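# Chains, contacts and geometry: an overview
The chain contents come next:
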Amino acid sequence: MEAIKQIVRIPENHEIRIKIPQYIPENEEVEVILIFRKKPTTFNQKVSELREAIGDNLFLNDLRDISEDFKTVDLEGWKENNGI
């Protein structure tokens, strides 16, 4: 499997052409995935999205996992190394 990444701006006509490398044979089956990153443009929009995150179970689970990881690190003893 090989992935080829191209980043493009959406044109006015909302059509994107994809240039395929010559070494990929004709009639080869490929998968095309469009990933759209929604960018908040205003402060109020950012705050609104943060408020929505409070009810997002996936976000909350990730936050809980990260918090547990930091608890483990915080409990580890840190030895002072004066030689470095």
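Residues numbered from 1 in each chain as written. Predicted model: local features only at pLDDT ≥ 70, side-chain atom pairs only at ≥ 80, totals over all residues. Heavy atoms only, no water.

## Re the overall build of the chain
Helix and strand counts for the chain come out as two helices and zero strands. Within the span of the chain, comprising 84 residues, buried residues form 1% of the whole. Summed over all atoms, the accessible surface of the chain reaches about 9,500 Å², with 54% contributed by carbon and sulfur. (Helix = DSSP H or I, 4+ residues; strand = E, 2+ residues; numbered from the N terminus. Buried < 20%, exposed > 50% of the residue type's maximum accessible area, 1.4 Å probe, protein only. Areas by Shrake-Rupley, 256 points an atom, 1.4 Å probe, with all protein chains shown as cover.)

## Structural notes on a positive patch on the surface
Judged by side-chain charge, Lys5, Arg9, Arg37 and Lys39 come together as a positively charged surface patch. Mapped onto the secondary structure, Lys39 falls in the segment before helix H1 (43-53). Relative accessible area serves as the criterion here: at 67%, Lys39 is assigned to the exposed category. (Patch = residues over 30% accessible without salt bridge, like charges linked within 9 Å, V, L, I, M, F, W, Y side chains within 5 Å. Salt bridge = Lys/Arg side-chain N within 4 Å of Asp/Glu carboxyl O. Lys, Arg positive; Asp, Glu negative; His and termini not counted. Charge placed at Lys NZ, Arg CZ, Asp CG, Glu CD.)

## Topic: a nonpolar patch on the surface
Together, Val8, Ile10, Ile16, Ile18, Ile20, Val30, Val32 and Leu34 give the surface a local cluster of nonpolar side chains, amounting to about 760 Å² of exposed area. By the secondary structure assignment, Ile10 is in the segment before H1. Look at Ile10 and you get partly exposed, because its relative accessible area is 49%.

## Digging into the layout of surface pockets
In this model, the largest pocket occupies a volume close to 1,400 Å³. In terms of lining residues, the largest pocket is bounded by 30 residues, among which Ile4, Lys5, Gln6, Ile33 and Leu34 are the most central. Its residues assigned to classes, the lining of the largest pocket comprises 19 nonpolar, one polar and 10 charged. (1 Å grid on protein atoms, 1.4 Å probe; cavity = no way out; pocket = protein on both sides within 12 Å on 5 of 7 lines; lining within 4 Å. Points joined across faces, edges and corners; volume = space filled by probe spheres on them. Nonpolar A, V, L, I, M, F, W, Y, C, P; charged D, E, K, R; others polar.)

## Considerations on a negative patch on the surface
Side chains of Asp56, Asp62, Asp65 and Asp69 sit close together on the surface and give a patch of like negative charge. Looking at the secondary structure, you find Asp62 in helix H2 (residues 57-75). Residue class for Asp62 comes out partly exposed when judged on its relative accessible area of 40%.

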